[in-house]
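Coordinates in review
The lines below spell out each chain.
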Amino acid sequence: MAGLLEMSKRFTFVTVALSVVVAFLVGLIIAGEFTPSTIVAVAPRGAARVGEPARAASLSALPSVVNFADVAERMNAAVVNIDSMSKGSEPRDPQRYFRRGDGPIEGPSGRDLDIPRQGAGSGFIIDRDGYILTNHHVIDAAERITVTLADGRTFRAEVVGTDPAIDVALLKIAGSHDLPEAPLGNSDELRVGEWVCAIGNPLGYVHSVTVGVVSFIGRKLFDPSLDDYIQTDAAINFGNSGGPLINARGEVIGINSAISSRASNIGFAVPINQAVGILPQLKTNGRVSRGYMGVLLTDVTPALQRSLGLAAAHGVLVQDVTNGSPAERAGLHTYDVILDVEGRDIGSNEELIRDISARQPGTTARLGVIRDARRLTLHVKLAERPARDEPDRDALDSRTRPRIPDPVPESPLGLTVRELDRGFIGRLEVPDSVHGVIVSRVDPTGAAFSASVRRGFVIMEINRKPIRSVADYQRVIAAAKPGEILALYCYDPTLTQRALITVTVE
C-alpha cells in the first residue's frame, strides 16, 4: 500500500513537471509568432510578382505614422490666397456634376458689366522669385489679381501663362525675392490609399488643412483624352481650387481643381507632373501647344479583334479620320491599328493621345501600323491640337430628337431601325457622307443598350460590311448566331463623331 502511494506521488510530480515544460514551450512559440521582427509587410506596387519569393520586412522598415502637423508647418508659408477681380456676368456652368472653383459675387442683376465680380482661390509658390501655380479657372478673365501670403503680405500678380485644357495657370508676383517655395514631388509614384493632405482657403477660411487618402488615380471628368485627375477624400471645398495636394513627405503631388457636387469629400487634383510638363511653354509662350493627328481611337480588345478579324491583338484602332487632318494627309484609314510611335509600343488610346499631345506641332511622328494584316510605316506631320469646347450637358440631355415613325421589328440586339432618308439627315444634321440605318428604339433590357447604342445613332457598318438599307441590316443580323460578337460602326449625331461599338448577340 505504501509502495502504491509512493508511485502515485511520483506520477503526479512527473505530470506536473511535463505540463510546465509544455506550457513554457507553447509560450515561446506564441511569443515567436507575434515577434515584430517576423511580420511580413505588404510589398509596394511592382516590388513582388507572382512566382517571386516573399520578402519579409521588420516594423522598422515600415513607414511610421504620418504627422501632417509637421507637413503643414513646413508648407503653409508657400500656400497663398488668390483674389481675382473682373467685370461681367458669370457664364452658365455646363458641368452638372463637377464644379471648378467658386462662383462669383455678382451684383443684383448679375448682368451689369460695370459691377465687379470677385472670385477667390488658392495657389502655391514654386520659385523663390515669385512664380505661383494655381488653376486656370481661378484667374480666368480676371482684370486684377491679388496674392496674399501666409505672413499677411499682399502683392499684385500677373498671369504668365494658362492652359485651360488641364486647368492650370502660372502667375508671377514682383517686388519680392527669397520667397518660401513648395517642394514638388512625383505624382507618377502615387498609390491608391496613400495619405495626402490639402491646404487652401475654402470659403474664406484661410490656410485650412484637411487630410485623407488617394481614392483613385487617372479619373476622367471633362476631357477624356487629357484628364488624369487624382481623386481624394481629403476635404476640398470652394476656395481650395489651385491649392496644393501634398504627400506624407511634404511634397506637392497635385493641384486641387474640382469637386463633386453630388457627394461630400470627393475631390480631384491635377497631377503635378502634368503641370510641370507644361511649365516651359507657359513661361516662354504664355500658352500650351499640343500635337494633333485628327483621329478617333479605341483600344483593341479581344471582342474587336474577333469581330473584325484584326491581325493585331494589341494597339489602338482608328475609328474615324478627320477630313483634311494630318492623319488623312499621312494616309491613315479607318480600321488601321496603330502599334507604336517612334518604335515605342502603344498600350492604349490614352497613351497614344498623351504621346502625340506632348509633341510640338510641326514635328513628325513615325507610326507603326497594321492594315489588313500588312505592316506599314506612316509619317504624320502634326498640327496644333484645336481648342476643345466642353459639351453643354444640360442642352444635350434636353435635346428633342425628331419623331421616327414606321419602325422595323426589334432585332436580337434589342434595336429597332428604319431607313435613313434625306429628311432625317437634315433634321439630325447628319453629314451627307454618312449612310446606313437609323436607330429608332433601343430596348433597355437588350444587349445593344448595355453596349451604349442609343436612339438616333446611325449604323453604317457591321463587322466591316456596309449597311445601306434596312434589308442589309436584317440580312447581317439574321446570319448572326447567339454569342457572336458584332462590331457596329455608328455615327453619333449628338457628339458628331463615329465610333465602333461591340455587341454580343443574345
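Computed from a prediction, not measured in an experiment: that's the story for all the values here.

What counts, and where the lines are drawn
Residue numbering note: each chain is counted from 1, following its sequence as written. Only residues with pLDDT of at least 70 are given local features in this predicted model, and only at 80 or more are side-chain atom pairs given and counted; all residues enter the totals for whole chains, interfaces and linings. Only hydrogens and water are set aside; all other atoms, that is, all heavy atoms of the structure, feed into the side-chain values. Helix and strand definitions follow DSSP, with helices as H or I runs of at least four residues and strands as E runs of at least two, each counted in order from the N terminus. Using the Shrake-Rupley algorithm and a 1.4 Å probe, accessible areas are obtained, with residue cover drawn only from the displayed protein chains. When a carboxyl oxygen of Asp or Glu lies within 4 Å of a side-chain nitrogen of Lys or Arg, that pair is called a salt bridge. Each residue's exposure class comes from its accessible area (1.4 Å probe, protein chains only) as a fraction of the maximum for that residue type: buried when under 20%, exposed when over 50%, partly exposed otherwise. Within this analysis, patches are made of residues with over 30% relative accessible area and no salt bridge. Like charges are joined at 9 Å or less; nonpolar side chains (Val, Leu, Ile, Met, Phe, Trp, Tyr) at 5 Å or less. Side-chain atoms within 4.5 Å link the members of a nonpolar core, which is a set of buried Ala, Val, Leu, Ile, Met, Phe, Trp, Tyr and Cys residues. Note on pairing: two strands pair once DSSP finds at least 2 bridges between them. By definition in these notes, contact holds between two residues if any of their heavy atoms fall within 4.5 Å. When two rings of Phe, Tyr or Trp (its six-membered ring) have centres within 6.5 Å they constitute a pair, described as stacked for plane angles under 30 degrees, edge-to-face for angles over 60, and tilted for the intermediate range. The rule is short: NZ of Lys or CZ of Arg within 6 Å of the ring centre and within 35 degrees of the ring normal puts a charge over the ring. What qualifies as a polar contact is a pair of N or O atoms within 3.5 Å, subject to a donor-acceptor requirement within protein and to the restriction that residues adjacent in sequence count only when both atoms come from side chains. A score from 0 to 100, pLDDT tells how confident the predictor is in each residue. To obtain the arc, one takes the directions from the helix axis to the C-beta atoms.

1. Details of the overall build of the protein
- For the protein, the count of helices and strands is 11 helices and 27 strands.
- When the accessible surface of the protein is totalled, it reaches about 26,000 Å², and 54% of it is carbon and sulfur.

2. Focus: the pattern of salt bridges
- Counted according to the given criterion, the structure contains 18 salt bridges.
- With a shortest N-O distance of 3.8 Å, Asp228 and Arg354 are connected by a salt bridge. Here Asp228, found in the loop between β9 (208–219) and β10 (229–232), pairs with Arg354, found in helix α7 (residues 349–357); they are 126 residues apart in sequence, far enough to count as distant.
- Here Glu351 ties to Arg344 by a salt bridge, and the two come within 2.9 Å at their closest N and O atoms.
- We classify Glu351 as partly exposed; its relative accessible area is 26%.
- In the salt-bridge network here, residues are joined through shared partners; they are Arg344, Glu351, Asp355 and Arg359.

3. Section: a nonpolar patch on the surface
- A grouping of Val66, Trp195, Val209 and Val211 is seen on the molecular surface, where their side chains present a nonpolar patch of about 310 Å² in accessible area.
- With respect to the helices, strands and loops of the structure, Val66 is situated in the loop between α1 (2–33) and α2 (68–75).
- On the basis of relative accessible area, Val66 is assigned to the partly exposed category, the value being 31%.

4. Concerning the nonpolar core
- Met75, Phe124, Leu133, Val168, Ile255, Ile272 and Leu282 are the most contacted members of the largest nonpolar core, which totals 30 residues.
- Counting residues per element, the ones that place at least two in this core are α2, β7 (168–173), β8 (195–200), β12 (252–260), β13 (267–271) and α4 (272–285).
- Broken down by element, this core gets its largest block of residues, five residues, from α4.
- With 25 residues, the next largest nonpolar core counts Val437, Val442, Ala448 and Phe457 among its residues.

5. Observations regarding the pairing of β10
- Neither face of β10 is open: one carries Tyr229 and Gln231, the other Ile230 and Thr232, and all of them are buried.
- Looking at chain direction, β9 and β10 are connected through four bridges and run antiparallel. Within β10, the residue paired with Phe216 across the bridge is Gln231.
- Bridge count for β10 against β13 is three bridges, and the pairing is antiparallel. By the bridge assignment for β13, Ile230 is matched with Ala269.

6. Section: the environment of Lys481
- Position of Lys481 among the secondary structure elements: in the loop between α11 (470–479) and β26 (485–492).
- Taking the C-alpha atoms as reference points, Lys481 and Thr504, 23 residues apart in sequence, are found 9.4 Å from one another.

7. Details of α7
- Within the span of α7, buried status applies to Asn349, Leu352, Asp355, Ile356 and Ser357.
- Elements that come into contact with the buried residues of α7 comprise β14 (291–292), β15 (295–299), β16 (316–321), β17 (337–341), β18 (344–345) and β19 (364–371).

8. Structural notes on the pairing of β8
- Counting buried residues in β8 gives five out of six residues, a clear majority hidden from the surface.
- Pairing geometry for β8 and β9, over six bridges, is antiparallel. Following the sheet pairing, Cys197 is matched in β9 by Val211.

9. Here we look at the environment of Val505
- Locating Val505 in the fold gives a position in the segment after β27 (497–504).
- The spacing of Val505 and Lys481 is 24 residues in sequence and 6.7 Å in space, taken between C-alpha atoms.

10. What about the packing of aromatic side chains?
- Under the definition given, this model contains three aromatic pairs.
- Between Phe222 and Tyr229 the ring centres are 6.1 Å apart and the planes differ by 65 degrees, which places this aromatic pair in the edge-to-face class.
- For Phe222, a relative accessible area of 6% puts it in the buried group.
- The buried category is assigned to Tyr229, whose relative accessible area is 2%.
- Aromatic pair Tyr229 and Phe268: ring centres 6.5 Å apart, planes at 80 degrees, arrangement edge-to-face. With Tyr229 in strand β10 and Phe268 in strand β13, this residue pair connects regions lying 39 residues apart in the sequence. Both residues of the pair, Tyr229 and Phe268, count as buried.
- Clustering of aromatic rings is evident, with ring pairs tying together Phe222, Tyr229 and Phe268.
- The ring of Tyr131 has Lys172 sitting right over it, with the charged end atom 5.4 Å from the ring centre.

11. Description of the side chain of Asp336
- Inspection of the secondary structure assignment puts Asp336 in the loop between α6 (326–330) and β17.
- Asp336 sits in the buried class, given a relative accessible area of 1%.
- Polar contacts involving the side chain of Asp336 include one to the side chain of Arg371, which spans 2.8 Å.
- Those residues in contact with Asp336 that lie beyond four places of it in its chain are Val316, Leu317, Val318, Gly331, Val369, Ile370 and Arg371.

12. Looking at the confidence of the model for the protein
- Residue-level pLDDT values for the protein average 79, and 75% of them are 70 or greater.
- A low-confidence stretch, residues 89–98 (pLDDT under 50), is modelled with 33 contacts involving residues beyond four sequence positions or located in other chains.
- A low-confidence stretch, residues 101–115 stays under pLDDT 50, and its non-local contacts, those more than four residues away or across chains, total 28 contacts.

13. With respect to α2
- Within α2 the residues assigned to the buried category are Phe68, Val71, Ala72 and Met75. Along the long axis of α2, the arc covered by the buried residues comes to 95 degrees, so they all point the same way. The exposed set on the far side of α2, more than 90 degrees from its buried face, consists of Glu73 and Arg74.
- One side-chain oxygen at the N-terminal end of α2 lies 3.0 Å from the backbone nitrogen of Ala69; it belongs to Asn67.

14. Considerations on unusual backbone geometry
- In this structure, Ala141 takes a positive phi of about 65 degrees despite not being glycine.
- With respect to the secondary-structure elements, Ala141 resides in the loop between α3 (136–139) and β5 (144–148).
- Of the residues examined, Ala141 reaches a relative accessible area of 52% and is grouped as exposed.
- Non-glycine residue Asp167 carries a positive phi angle of around 65 degrees.
- Looking at the secondary structure, you find Asp167 in the loop between β6 (154–163) and β7.

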